[in-house]
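# Topology and contacts: notes
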Amino acid sequence: MSKSFIPSRSLLSSFSRSLKYDKPMQQCLRLRSINASCRAPAPAPKSFSTSSARPYKTVEEQRSRYKSGPFSYRAGLLFLTSGAGLIIYFRYEKARMERLRIAEATKGVGRPKVGGPFELVDQEGRVFTDADMRGRYALVYFGFSHCPDICPEELDKMAVMIELVNGEGGKKGLLPLFITCDPARDTPAVLKEYLKEFHSGIVGLTGSWEQVKDVCKKYRVYFSTPQGVKKGEDYLVDHSIYFYLMDPEGDFVEAIGRQHSPEQAAKIIGGHVGDWRGK
Amino acid sequence: MGFFGTTATSPPPPKISSDGAPIAPDRTQRAKCWEGRDAYFRCLDKSGIIDSIGQKDKAEKECAGEARGFEANCASSWVTYFKKRRVMEHQKAQTLEKLRTEGAQMMPGQVAPGGPGQKP
C-alpha cells in the first residue's frame, strides 16, 4: 500500500504545482485530504501584521497612513473645532444658568417681592401704571431732580446703558423709568426739563405724595421725603441708588448698583433680555 | 467780605416750570456748583480743615472768598450736603487706612450682595 502511494503523491504534487497558478483555491480544496500543508495564498508574505487587510489602494497610501498613525490633519482639525465648540457652548450655558438662577431667586416663595402695581403720571401728564411696563424689560431708577451729585452721575450712566442695550433693538429692548422720590418739587414739567438732558427715552414718573410713597414701599426704596413741604423750601431727599431690572412680566430680576460700570451693567441687562423667551 | 462780596450768598432763584414748581439746576448749573465746591475744598485742604461746619470760624477766616463762590453757585441744601459728605469721606478714608495698617486686605468686589432697598 505504502509503496504504491509514494510515486502517486509526488506526481500529484507536481501536478498541483502546475495548477497552483490557475485556480489555487480550488486546487487546495481538492487536495486538502491529501496535503495538509496547503494554505490559502497569503496576500503579502513578508508582512507579519495580524490585522486583516485594509482597503488601501496603493502602497504609498498605506505607507503614509502607517507613518502618521491613526491621526491626520483632518481628524485633528475636527477634534479641535468640536472641542472649542463644546467649551464655548458650556460657557454660554453656564452664564445663562447663572442669570436664570439670579432671576429665579427673586421669584420664589418667601422672597421679598420687589415691585408691584402702581399708578403714576409721566412727564407729559399721562397716566402711567405698572401695566405699561409689561411686555419688555424695564430699568427702574429712583431719584429726584434736585439731587446734588449722585443722581446726575447715575442718570448719565443710565443713558449709556440705554444706548448700549437698545442700540440695535430700537424700542423693543429696555424701558428706562425714573421715579421721583420728591413729588412736591418734581412735577411732570420739572421732570421733562430735567430728563431731556440725559436721554430722550427715559420716562419720568411722579404723583401724589401717597402714590410715590406707595411705589417706593413696593420697590423697597428708603423714603424720607417730608409730607407737606412749603413751596420754595430747600431740602434734600434720601433714597436708594440702585437700578432695578424688571422682567416683561413685572417681576424683579436684579439690582444694579454703583459698583457696576455702564458697560458691565449693559452686559448684565443684555444677557437677561437675550434669555427671555416668554413664559 | 470776600472777593465776591456779601451780596451773592445764594444762587439766583430757580425758574418756575409751567406747572408752578421750581426747575432743578441743569447740567451747566450743576457744573458751576461743583467747580465752586472744588475750589472751596482745595482751600480747606490747604488750611488743613476737614469739617468746615465744626470749625466754622477757622474756615470762615481762611476761605471766605471761596466759601462765597461756593454758596453763590449751589443751593444751601447742597452746600450743607457737600460739607457733610467731605467729613464722611475723610472718615471713610481714615478707617480704610487704619485697617490697612492693621494688615487688613482689600477684598475684591462687593462686600455683600447688595440687596435692593439698601441705603447708600
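Residues numbered from 1 in each chain as written. Chains lettered and ligands numbered in written order. Predicted model: local features only at pLDDT ≥ 70, side-chain atom pairs only at ≥ 80, totals over all residues.

As annotated in an unreviewed UniProt entry, chain B carries the name Cytochrome c oxidase subunit 6B-like protein new16 and comes from Lachnellula cervina.

As recorded in an unreviewed UniProt entry, chain A goes by Protein SCO1, mitochondrial and comes from Lachnellula cervina. Quoted verbatim from the Subcellular location (unreviewed entry) heading of the UniProt record, the comment on chain A is "Mitochondrion inner membrane". The Sequence similarities (unreviewed entry) field of the UniProt record for chain A holds the comment "Belongs to the SCO1/2 family." (UniProt positions renumbered as here; feature names shortened; annotations may be inferred.)

Residues and elements named next belong to chain B. Contact geometry of helix α1 (residues 27-47) with helix α3 (residues 64-73) gives a least axis separation of 8 Å together with a crossing angle of 160 degrees. Between α1 and α3, the angle is such that the two are roughly antiparallel. Along this stretch, α1 crosses α3, giving a crossing that reads as left-handed. Packed against α1, whose contacting residues are Lys32, Cys33, Gly36, Arg37, Ala39, Tyr40 and Cys43, the element α3 presents Glu66, Ala67, Gly69, Phe70, Ala72 and Asn73 at the interface. Of the residues contributing to the contact of α1 with α3, the split by class is seven nonpolar, three polar and three charged. (Axes fitted to C-alpha atoms, helices over the stretch in contact; angles between N-to-C directions. Helix = DSSP H or I, 4+ residues; strand = E, 2+ residues; numbered from the N terminus. Parallel < 35°, antiparallel > 145°, perpendicular 65-115°, else oblique. Left-handed = near helix turned anticlockwise from the far one by under 90°. Contact = placed C-beta atoms within 7 Å. Nonpolar A, V, L, I, M, F, W, Y, C, P; charged D, E, K, R; others polar.)

So, about the UniProt feature "binding site: Cu cation" (unreviewed entry) in chain A. All names here are of chain A. When the UniProt feature table is mapped to this numbering, "binding site: Cu cation" (unreviewed entry) covers Cys147, Cys151 and His239. Considering the C-alpha atoms alone, the annotated residues occupy 93 residues of sequence yet fold into one spot, their largest mutual distance being 10.1 Å. As for its placement among the helices and strands, Cys147 is situated in the loop between β3 (137-143) and α5 (150-169). As for its position among the elements, Cys151 is in helix α5. Filtering out sequence-adjacent residues up to four positions away, Cys151 remains in contact with Gly143 and Phe144.

With that settled, consider helix α4 (residues 76-101) of chain B. Residue and element names in this part refer to chain B. The end-to-end C-alpha distance of α4, which contains 26 residues, comes to 38 Å, matching closely the 38 Å that a straight helix rising 1.5 Å per residue would cover. Along α4, the positions that sit buried rather than exposed are Trp78, Val79, Phe82, Lys83 and Arg86. In this structure, the buried side of α4 is in contact with α1 and α3. (Expected span 1.5 Å × (residues − 1). Buried ≥ 20, exposed ≤ 12 C-beta atoms within 10 Å, placed from the backbone.)

Listed by partner, the interface residues are 30 residues for chain A and 23 residues for chain B. Those elements that place two or more of their residues in the side of chain A that touches chain B are α5 and α6 (188-195) of chain A. Counting residues per element, the side of chain A that touches chain B draws most heavily on α6 of chain A, at five residues. Class assignment for the residues of the side of chain A that touches chain B results in 17 nonpolar, seven polar and six charged.

Here we take up the sheet that holds β3 of chain A. All names here are of chain A. Sheet architecture is open: seven strands sit in the order β2-β1-β5-β4-β3-β6-β7, paired in mixed fashion. At either margin of the open sheet sits one strand with a lone partner, and together these are β2 (127-129) and β7 (252-256). For this sheet, the mean inter-axis angle between neighbouring strands, taken without regard to orientation, is 35 degrees. Here β3 pairs with strand β4 (residues 174-180) via seven bridges, running parallel. When the bridges of β4 are listed, Tyr141 appears paired with Phe178. Contacts from helix α7 (residues 209-218) reach β1 (119-122), β3, β4 and β5 (203-206) within the one sheet, and its direction differs from that of β1 by about 110 degrees. (Pairing = 2+ DSSP bridges.)

Leu139, Val140, Leu177, Phe243, Tyr244 and Ile269 of chain A are the most contacted members of the largest nonpolar core, which totals 58 residues. Not counting residues up to four positions away in its chain, the partners in contact with Leu177 of chain A are Ala138, Leu139, Val140, Tyr141, Val203 and Leu205 of chain A. Counting 13 residues, the second largest nonpolar core, distinct from the first, contains Cys43, Cys63, Cys74 and Phe82 of chain B. (Core = buried A, V, L, I, M, F, W, Y, C linked by C-beta atoms within 7 Å.)

This part takes up the environment of Gly271 of chain A. All names here are of chain A. Inspection of the secondary structure assignment puts Gly271 in helix α8 (residues 262-275). Each C-alpha atom, one on Gly271 and one on Arg99, is 7.6 Å from the other, the two residues being 172 residues apart in sequence. Sequence-distant contacts of Gly271, that is, excluding residues within four places in its chain, are made with Ala95 and Arg99.

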